[in-house]
Amino acid sequence: MRSSKRCPPGFDKLSEDLIYDILLRLPVKPLLRCKAVSKPWRCLISNPGFVDSHQARTGSGSGAESTLIIHNKSVSLLHLGPSQLVDDLQLPHCKSKYGGDTILVGSDRGIVCVAVCKSGWISFSEARYPTSIYLWNPATKHYKVIPPHRCYDKYEKVNVGFGFDPIDNDFKVVRVVGSPFPSEVYSANLNAWRKIGPIPTDIRPLYNFNVCINGLLCWTGDEGILAFDLYKEVFTCVTKFPKESTFSCITDFNNSIAVITGKGINGKINLWTLDDVECLRVGGVVEASWTLTLSIDTDVKGHSVHSYFNNGDMLLTSDDCKCFTYNSAKKETKEVPKFIDLDQVFKYKETLVSVTGFKQVECS
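A brief report on the enclosed structure follows.

Conventions used here
Residues numbered from 1 in each chain as written. Predicted model: local features only at pLDDT ≥ 70, side-chain atom pairs only at ≥ 80, totals over all residues. Heavy atoms only, no water. Phe/Tyr/Trp six-rings, centres within 6.5 Å; stacked < 30°, edge-to-face > 60°. Buried < 20%, exposed > 50% of the residue type's maximum accessible area, 1.4 Å probe, protein only. Core = buried A, V, L, I, M, F, W, Y, C linked by side-chain atoms within 4.5 Å. Helix = DSSP H or I, 4+ residues; strand = E, 2+ residues; numbered from the N terminus. Salt bridge = Lys/Arg side-chain N within 4 Å of Asp/Glu carboxyl O. Pairing = 2+ DSSP bridges. Contact = heavy atoms within 4.5 Å.

**A few points about the packing of aromatic side chains**
Any two aromatic rings considered together are summarised by their centre-to-centre distance and by the angle between their planes.
Phase 1 of the analysis: Throughout the structure, instances matching the rule amount to six aromatic pairs.
Phase 2 of the analysis: Look at tyrosine 134 and tyrosine 143: their rings are 6.1 Å apart centre to centre, the planes differ by 80°, and that puts the pair in the edge-to-face class.
Phase 3 of the analysis: Accessibility expressed as a relative area gives 0% for tyrosine 134, which makes it buried.
Phase 4 of the analysis: The interplanar angle of 55° and the centroid separation of 5.7 Å between the aromatic rings of tyrosine 186 and tryptophan 193 together place this pair among those described as tilted. In this structure, tyrosine 186 and tryptophan 193 share a single accessibility class: buried.
Phase 5 of the analysis: In textbook terms, an aromatic cluster arises when at least three aromatic residues are bridged by ring pairs, as seen for Phe162, Phe164 and Phe171.

**Some words on the nonpolar core**
Burial of nonpolar side chains together is a common tendency in soluble globular proteins.
Phase 1 of the analysis: One finds Leu23, Leu135, Trp136 and Val173 to be the most contacted residues of the largest nonpolar core, which totals 51 residues.
Phase 2 of the analysis: Per-element accounting of this core gives the leading share, seven residues, to strand β5 (residues 111-117).

**Regarding the pattern of salt bridges**
Phase 1 of the analysis: Counted by the stated rule, this structure contains eight salt bridges.
Phase 2 of the analysis: A salt bridge links arginine 25 to aspartate 21; the shortest N-O distance between them is 3.1 Å.
Phase 3 of the analysis: Overall, aspartate 21 belongs to the partly exposed group, its relative accessible area being 29%.
Phase 4 of the analysis: A salt bridge links glutamate 184 to arginine 175; the shortest N-O distance between them is 3.4 Å. Arginine 175 carries the same exposure label as glutamate 184, and that label is buried.
Phase 5 of the analysis: Among the charged side chains, a network of salt bridges with common partners joins Asp165, Asp168, Lys172, Arg194 and Glu233.

**What to know about the sheet that holds strand β4 (residues 101-108)**
Phase 1 of the analysis: What the five strands build is an open sheet, ordered β4-β5-β7-β8-β27; its pairing is antiparallel. On the outer flanks of this sheet lie β4 and β27 (359-360), each paired with one strand and no other.
Phase 2 of the analysis: With five bridges joining them, β5 and strand β7 (residues 132-137) adopt antiparallel strand pairing. Residue pairing in the sheet places valine 116 in a bridge with serine 132 of β7.

**Remarks on the pairing of strand β19 (residues 268-274)**
Phase 1 of the analysis: Burial analysis of β19 places six of its seven residues in the buried class, which makes it a mostly covered element.
Phase 2 of the analysis: Direction of pairing for β19 relative to strand β21 (residues 290-297): antiparallel, over a ladder of seven bridges. Directly across from leucine 271, in β21, lies its bridge partner leucine 294.

**Looking at the side chain of threonine 251**
Phase 1 of the analysis: Note on placement: threonine 251 falls in strand β17 (residues 247-252).
Phase 2 of the analysis: Judged by relative accessible area, which is 3%, threonine 251 ranks as buried.
Phase 3 of the analysis: Ignoring anything within four residues of it in the chain, the contact list for threonine 251 reads Val211, Ser256, Ile257, Ala258, Ile260, Ser307, Tyr308 and Lys347.

This is the structure:
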């Protein structure tokens, strides 16, 4: 790497390996500024190998996470921590000829999937209406609108999910229409939709997909967790919930699937982790083995839990519809400073990750 006169003082005396290691430790926003230092630095920071290494380092860090949230038809980042800062984000494609309801589909490796559809909320939209779906990196301010999907001349609700396939190194969008209509998978690598078989008739998704772990999209069904294998592009199984009736939500916990139970009068929250995530790749109905990992008493009565974060924070609501974060280690409860749509909450960390076809968001 050739040094530039614009490099910070002393950097011209450092080895290439040391400069690489220093840049690898920087957050995304300083790295974006560093791209303007010199052409060699710009090439290095834009290199896919550097981007992957930086994402892996960021993903394994113990720092505070941010939560991507939607409220009042705009998207913000809530930074969990002492400050409870909220950053409003500029949507890249906020207007659509199809309507105006903005839906967060999912977030994975710093890429966010957003849809603009005719009718929103939990059930996403109807199969007969087209929807604008796009992939977006809020940190780098790049996005792309994906090709249109199929529409069906019949009233059917649609469930949509988004995640990363680590085997094909591909971001994918799954669009599930009720049986007997075929479902579809969009591949960012191919920039195309592929029709797949209908969802099994004995499976009824209640909500959109909740979480993606190791290439498995999971969401809530009548009897348990429904799984979709992003690599094989097939529906796999129904994994029954722990034998506790007060189900609250599915989340990820230390790179594993977890179910949070505990809702109501006694303020107790239980977090169960799935002993073997690979059992989700098995077909049929699976009697899974669960371990009670956390059992927490809170001072928020009548709560509903919506997510758990690796720093110990949980996002929950009380009986009077107020939203809180509760830290299980510090036993601290803090009210969230803004109204958020709790059906639209996803974990998010800034990355440099890009998708083929990305373009810069135009400032309004």
